[in-house]
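Geometric and topological summary
Chain by chain, the residues run as shown.
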Amino acid sequence: MIITAPRLTVRRLSCERDDRMLFRDLSFSAGDGEIWQITGANGAGKTTLLRILVGLHGFYDGEVLWHQPLAPSLLYLGHQPGVREELSARENLRYSQALCGQGGDPDAALEAVGLYGFEDVPAGRLSAGQKRRIALARLWLDHKPVWVLDEPFTAIDQDGVARLDARLREAAAAGTLVLYTSHHQVGENARRLHLGAAGARP
Amino acid sequence: MSGVWGAALRRELTLIWRAPADMVQPLFFFVVVVSLFPLGLSPKPALLALVAPGAIWVAALLAVMLSLDGLFRRDQESGALDQMLTSPVVSVVPVAAKLLAHWLLTGLPLALMAPLLGYMMQLPVAVLDTLMISVLLGTPTLTVVGAIGAALTVGLNRGGILLAVLVLPLYIPVLVFGAGVVRTAQDGLPTDGLLAVLGAILALALSLGPVAVALGLRISAGD
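Residues numbered from 1 in each chain as written. Chains lettered and ligands numbered in written order. Predicted model: local features only at pLDDT ≥ 70, side-chain atom pairs only at ≥ 80, totals over all residues.

Here we come to the overall build of chain B. When you go through chain B residue by residue, the secondary structure sums to nine helices and zero strands. Overall, chain B shows an N-to-C arrangement of helices and strands of α-α-α-α-α-α-α-α-α. Here the C-alpha radius of gyration of chain B, 18 Å, is about what a compact globule of 223 residues would show, namely 17 Å. Here chain B holds 223 residues, and the buried ones make up 49% of them. (Helix = DSSP H or I, 4+ residues; strand = E, 2+ residues; numbered from the N terminus. Rg over C-alpha atoms; globule rule 2.2 N^0.38 Å. Buried ≥ 20, exposed ≤ 12 C-beta atoms within 10 Å, placed from the backbone.)

A separate point is the pairing of strand 3 (residues 35–40) of chain A. All names here are of chain A. With four bridges connecting them, strand 3 and strand 7 (residues 177–181) associate as parallel partners. Paired with I38 across the strands is T181, a residue of strand 7. Where strand 3 meets strand 8 (residues 191–195), five bridges bridge the pair, whose relative direction is parallel. By the bridge assignment, W36 is partnered in strand 8 with R191. (Pairing = 2+ DSSP bridges.)

Our next topic: the nonpolar core. The biggest cluster of nonpolar side chains holds 74 residues, and the ones touching the most others in it are I56, A60, A147, A151 and L217 of chain B. Ignoring sequence-local partners within four residues, the contact set of A151 of chain B consists of F72, V213, G216, L217 and S220 of chain B. Core analysis: the second largest hydrophobic core is formed by 54 residues, F23, L49 and L77 of chain A together with L15 of chain B among them. (Core = buried A, V, L, I, M, F, W, Y, C linked by C-beta atoms within 7 Å. Contact = placed C-beta atoms within 7 Å.)

With that settled, the discussion passes to the UniProt feature "transmembrane region" (unreviewed entry) in chain B. Residues and elements named next belong to chain B. Sequence positions flagged by UniProt for "transmembrane region" (unreviewed entry) are, in local numbering, residues 21–41, 47–68, 89–111, 131–154, 161–182 and 194–217. For residues 47–68, helix accounts for 100% and strand for 0%, while the C-alpha atoms at its two ends are 32 Å apart. In residues 161–182, the share of helix is 100% and the share of strand is 0%. The end C-alpha atoms are 30 Å apart. (UniProt positions renumbered as here; feature names shortened; annotations may be inferred.)

What follows is about the environment of Q97 of chain A. Residue and element names in this part refer to chain A. One can find Q97 in helix 2 (residues 89–100). Using a count of 21 C-beta atoms within 10 Å as the deciding quantity, one classes Q97 as buried. C-alpha separation for the pair Q97 and D142, spaced 45 residues apart in sequence, amounts to 9.5 Å. Those residues in contact with Q97, other than ones at most four positions away along the chain, are Q102, P106 and L141.

A few words on the packing of helix 3 (residues 45–68) of chain B against helix 8 (residues 160–186) of chain B. Residue and element names in this part refer to chain B. Running from N to C, helix 3 and helix 8 cross one another at 150°; their axes reach a closest spacing of 9 Å. In this structure, helix 3 crosses over helix 8, and the sense of that crossing is right-handed. In contact with P53, G54, W57, V58, L61 and M65 of helix 3, helix 8 contributes A164, V167, Y171, L175, G178, A179, V182 and R183. (Axes fitted to C-alpha atoms, helices over the stretch in contact; angles between N-to-C directions. Left-handed = near helix turned anticlockwise from the far one by under 90°.)

Residues and elements named next belong to chain A. By the bridge criterion, eight bridges tie strand 1 (residues 6–17) to strand 2 (residues 20–31) in an arrangement that is antiparallel. Bridge pairing in strand 2 places L13 opposite L26. Hairpin geometry of strand 1 and strand 2 is characterised by an intervening segment of two residues between the two adjacent antiparallel strands and by a positive phi of about 50° at D18.

Our focus in this paragraph is the interface of chain B and chain A. Each partner contributes to the interface: chain B provides 25 residues, whereas chain A provides 26 residues. Tallied by class, the residues present in the side of chain B that touches chain A amount to eleven nonpolar, eight polar and six charged. (Nonpolar A, V, L, I, M, F, W, Y, C, P; charged D, E, K, R; others polar.)

All names here are of chain B. Looking at where L162 falls in the secondary structure, it is placed in helix 8. A residue is classified by how many C-beta atoms lie within 10 Å of it, and L162, with 13 of them, is partly exposed. Along the primary structure L162 and A150 are separated by twelve residues, whereas in three dimensions their C-alpha atoms are 9.3 Å apart.

Bringing helix 2 of chain A into the picture now. Residue and element names in this part refer to chain A. With twelve residues, helix 2 should reach 16 Å at 1.5 Å per residue; the first-to-last C-alpha distance of 17 Å fits that figure. With ten of twelve residues buried, helix 2 lies mostly within the body of the structure. For helix 2, the complete set of buried residues consists of A89, E91, N92, L93, Y95, S96, Q97, A98, L99 and C100. G101 occupies a position one or two residues after helix 2 and carries a positive phi of about 55°. (Expected span 1.5 Å × (residues − 1).)

Encoded structure:
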């Protein structure tokens, strides 16, 4: 295994919400090509942790340090897929591409997530799983070095889970740092970060 | 950057176009409220002409404010707002595109409808162009200022009342000068000065407003 300089360093990160400590003194560093699985019970603060890491949530103690500028390298898929129901799959994906400066062929990406033939259907008429697949199609576009994915496996069928699993491993092998929340473990080498009542421990 | 602007503007126009109820509702509100005045007050032409500037402007102001409550809501619920805030694009660009699209499909129709309602309210024909220009200059300010309130209240479940409380005081100068311009024209006095004030308020709103909206959205996403 090649040792690389870390891309992300988190030091003594604590977050309190509604008078409840979500996690306390969380410290870890993550580098390129690593897969980090964040686990924990419902309400343990997994989503909040990811939102802190991508800079959406500002109420925390401690330090989050990205060693390279985050915004141009980030691919973030939140808890909600970010898909507008009035727009078709292709329109949604094209807009994400314009917004995030991510090149690549949208139709090929939609085909890769199994939405071939659904490109022009308004997302409102698709199922929850298909809507999530529209968002996940961004993983098949041009390379982004940091993936932060909140519950990417939710509402995805067995075949889709296998394909996504393979895609995450492929991306990590190509040097992408993948941080995701889910109970699904990707590969043998994924590192686990468990958030729990007893305090977080990597 | 221009690619983002074009893509964002196209997206916002498409979104409003595919949900035409959001577009028609403010216009419908505007027409109905103004049409109720002759029924409720009295059909006397002199009286209607007296209240017309205020009635039309109040109706336009409320129509814009009501249309803004949901401006960012669906983007927030769908997660599209988080996508925008984590993207490498300066959020002012998509925000400005959204405001422009919203004004084009709600504010502009109000301005085009205003002379017709003015005619119905017995305003002299010579005043109708001033009425339209005043609404044309005033509604973008109302949209931008209201969007600041909408951005700050987007995370709250029932932001409607709070939005009104936040935004209405800021709407008052536009209302005073907007209705004032029309009244001045009715009196046969020159209106250039008052229109210039409306234009100055618009310039201020356009230059600082989108930045404030973008910051408001970031604050709302924070918790």
